[in-house]
2 protein chains.
Amino acid sequence: MLKINFDDNGLVPVIAQDADSMEVLMLAYANQDAVNKTVATGYAHYYSRSRGKIWKKGEESGNVQEIVRILVDCDEDTLVYQVRQKGKGACHTGYEKCFYRTIDGEVVAKKMFDPGLIYKKNDKKLKSP
Amino acid sequence: MLKINFDDNGLVPVIAQDADSMEVLMLAYANQDAVNKTVATGYAHYYSRSRGKIWKKGEESGNVQEIVRILVDCDEDTLVYQVRQKGKGACHTGYEKCFYRTIDGEVVAKKMFDPGLIYKKNDKKLKSP
């Protein structure tokens, strides 16, 4: 495995990309442990800065991300997880991807599920990457 | 324009994605000024954390990025620039994209140019996003 240059907080940004549609699904962060768990299990794991712990994407919603390939950039300080998005979508808002709007606010992605039915009511904010 | 939630340093991560191939080209950062310049000119501008200033991608190499669309994520704290990559490639190493290797070190992208012929010799390191 290439040596990854984590930042002062021990993190790197991770871009999750759909391996089939090539859509950018979300951006989150990972530490070495999260990367190791991702490689070992074949499912995307990240580090939640707000919760201060590793999380498996989809552990609550079922919308897990099966790893197809992990890419590393020139400086070894950013990763791309190319994934097969399982379940109904990547975004905690219910859209298929977090990047569902243009900078002008136009919605350009499909709403796949009602987040109120998936996540516990008071826990929604925490589900954001 | 949507309000963007910049971090404590006034920055957001920006994922540059090829609008045609949908390949993720690079990750860099932007402040509000860089976003404004990008919108106003139609060419990708970023903020260099190492140089402490805004830069137009390709200003030296000619490998500019023509903006097709800018996407904003659910939390309004990450952007995607969907671009047409001009010139020979996005990465200062000469590869078509910064994510040219898998985590195991396998090269999975094409080398498009010799960076020694494009960038000034002592300035290479600075050209990384």
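Residues numbered from 1 in each chain as written. Chains lettered and ligands numbered in written order. Predicted model: local features only at pLDDT ≥ 70, side-chain atom pairs only at ≥ 80, totals over all residues.

Some thoughts on the UniProt feature "domain: Phosphoribosyl-AMP cyclohydrolase" (unreviewed entry) in chain A
Within this numbering scheme, the UniProt entry marks residues 26-100 of chain A as carrying the feature "domain: Phosphoribosyl-AMP cyclohydrolase" (unreviewed entry). Within the segment residues 26-100 of chain A, helix and strand shares are 13% and 37% respectively, and the terminal C-alpha atoms sit 10 Å apart. (UniProt positions renumbered as here; feature names shortened; annotations may be inferred. Helix = DSSP H or I, 4+ residues; strand = E, 2+ residues; numbered from the N terminus.)

A closer look at the environment of Ala34 of chain A
Residues and elements named next belong to chain A. Looking at the secondary structure, you find Ala34 in helix α1 (residues 32-41). Separated by 14 residues in the primary sequence, Ala34 and Ser48 have C-alpha atoms spaced 10.0 Å apart. Excluding residues within four positions of it along the chain, Ala34 makes contact with His45, Tyr46, Tyr47 and Ile54. (Contact = placed C-beta atoms within 7 Å.)

A few points about α1 of chain A
All names here are of chain A. Listed as buried for α1 are Ala34, Val35 and Thr38. In a view along the axis of α1, the buried residues occupy a sector of 100 degrees, so they form one face of it. In the core, the buried residues of α1 are packed alongside β2 (24-30), β3 (45-48), β4 (53-56), β5 (65-72) and β6 (79-85). In the stretch just after α1, Gly42 is the one whose phi turns positive, near 80 degrees. (Buried ≥ 20, exposed ≤ 12 C-beta atoms within 10 Å, placed from the backbone. Arc of directions from axis to C-beta.)

Observations regarding the sheet that holds β5 of chain A
Spatially, β2(A)-β1(A)-β6(A)-β5(A)-β7(B) is the arrangement adopted by the five strands of the open sheet, whose pairing is mixed. Every other strand in the sheet has two partners, leaving β2 of chain A together with β7 (101-102) of chain B as the edge strands with one partner each. (Pairing = 2+ DSSP bridges.)

With respect to the relation of the copies chain A and chain B
Least-squares fitting of chain A to chain B yields an RMSD of 0.0 Å, with the superposition described by an axial translation of 0.0 Å and a rotation of 180 degrees. Expressed as an axis order, the relation between the two copies is that of a two-fold axis. Judged by C-alpha distance, Met22 of chain A is the residue of chain A that lies nearest the rotation axis, at 2.8 Å. An overlap of 100% is found between the interface residues of chain A and their copies at the interface of chain B, pointing to a shared contact surface. (Least-squares fit on C-alpha atoms with pLDDT ≥ 70 in both.)

Concerning the nonpolar core
As a rule of thumb, nonpolar side chains are buried together in soluble globular proteins. By size, the foremost hydrophobic cluster in this structure holds 63 residues, and its most contacted members are Val14 and Ala16 of chain A together with Val14 and Ala16 of chain B. Beyond its immediate stretch of four places on either side in the chain, Ala16 of chain A contacts Leu25, Met26, Ala28, Ala44, Gln65, Tyr81, Val83 and Ala90 of chain A. (Core = buried A, V, L, I, M, F, W, Y, C linked by C-beta atoms within 7 Å.)

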